[in-house]
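Summary of the model geometry
Here are the chains, one letter per residue:
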Amino acid sequence: MNELSSRLNRERRFLVLLGVICLALIGGALYMQVVLGEAPCPLCILQRYALLFIAVFAFIAAAMPGRRSLTFFEALVVLSAIGGIVAAGNHVYILANPMVSCGIDTLQPIVDDLPLAKLWPLAFQVDGFCATPYPPILGLSLAQWALVAFVLTALLVPLGIYRNRRRA
């Protein structure tokens, strides 16, 4: 039982780290928006929501006492990451094909009507276009970095569950 407890604690520490990283990524996006003047598009905002959901579910999972509740919230983390993969993947496609539009006219009212857009408009309201190219960071666009982060999350969380519970 002690080994299981140790493994679950390692899993919980990973989830807390994941939540902190997601909040830091949102903070970085806000820095780029406010300080560098890079306006967020509808897909950028959807990626922020995915990061926020991952962080919230990861923190809740880390606080859960039992394996089942921990696993349930980890599943929500993975589902949020999959949502992020869809948004970031679409954004990467649009950046690679500039003639394609993200449909700011179509997506903007939907994204801007979400509750957090009204509660915290600076962070969750659309103000830009998905095809706008911003300077890459270490050779990748922000959408590509987001896609990498979401894919890693969707792969590493289930891998951690398997690794930490296979002999439990």
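Residues numbered from 1 in each chain as written. Predicted model: local features only at pLDDT ≥ 70, side-chain atom pairs only at ≥ 80, totals over all residues. Heavy atoms only, no water.

On to the UniProt feature "transmembrane region" (unreviewed entry) in the protein chain, then. As recorded in UniProt, the feature "transmembrane region" (unreviewed entry) lies at residues 14–34, 46–64, 76–96 and 142–162. The distance from the first to the last C-alpha atom of residues 14–34 is 30 Å, and the span holds 100% helix and 0% strand. In the segment residues 46–64, helix accounts for 95% and strand for 0%; the C-alpha atoms at its two ends are 27 Å apart. (UniProt positions renumbered as here; feature names shortened; annotations may be inferred. Helix = DSSP H or I, 4+ residues; strand = E, 2+ residues; numbered from the N terminus.)

Structurally, the position occupied by Ser 141 is in the loop between helix H6 (121–124) and helix H7 (142–165). With sequence-adjacent residues up to four places away left out, Ser 141 is seen in contact with Leu 95 and Pro 136. (Contact = heavy atoms within 4.5 Å.)

Another aspect to go through is the packing of aromatic side chains. Considering all chains together, one arrives at 4 aromatic pairs under this definition. Consider the rings of Phe 57 and Phe 73, whose centres lie 6.4 Å apart with planes at 40°: the pair is tilted. Here Phe 57 is found in helix H2 (residues 42–63), whereas its partner Phe 73 is found in helix H3 (residues 67–96), with 16 residues between them in sequence. With relative accessibility at 16%, the residue Phe 73 sits in the buried group. (Phe/Tyr/Trp six-rings, centres within 6.5 Å; stacked < 30°, edge-to-face > 60°. Buried < 20%, exposed > 50% of the residue type's maximum accessible area, 1.4 Å probe, protein only.)

Turning next to the confidence of the model for the protein chain. Within the protein chain, residue pLDDT values average 85, and 92% of them lie at 70 or more. Here helix H4 (residues 104–112) is the element of the protein chain with the lowest mean pLDDT, 71, and H2 is the one with the highest, 94. (pLDDT = per-residue confidence, 0-100.)

Ranked by internal contacts, the top residues of the largest apolar core, which has 33 residues, are Leu 18, Ile 54, Val 77, Phe 124 and Phe 150. The set of elements that each furnish at least two residues to this core consists of helix H1 (2–34), H2, H3, H6 and H7. In terms of residue count, H2 provides more of this core than any other element does, 11 residues in total. Beyond its immediate stretch of four places on either side in the chain, Val 77 contacts Leu 18, Ile 54, Phe 57, Ala 58, Thr 153 and Val 157. (Core = buried A, V, L, I, M, F, W, Y, C linked by side-chain atoms within 4.5 Å.)

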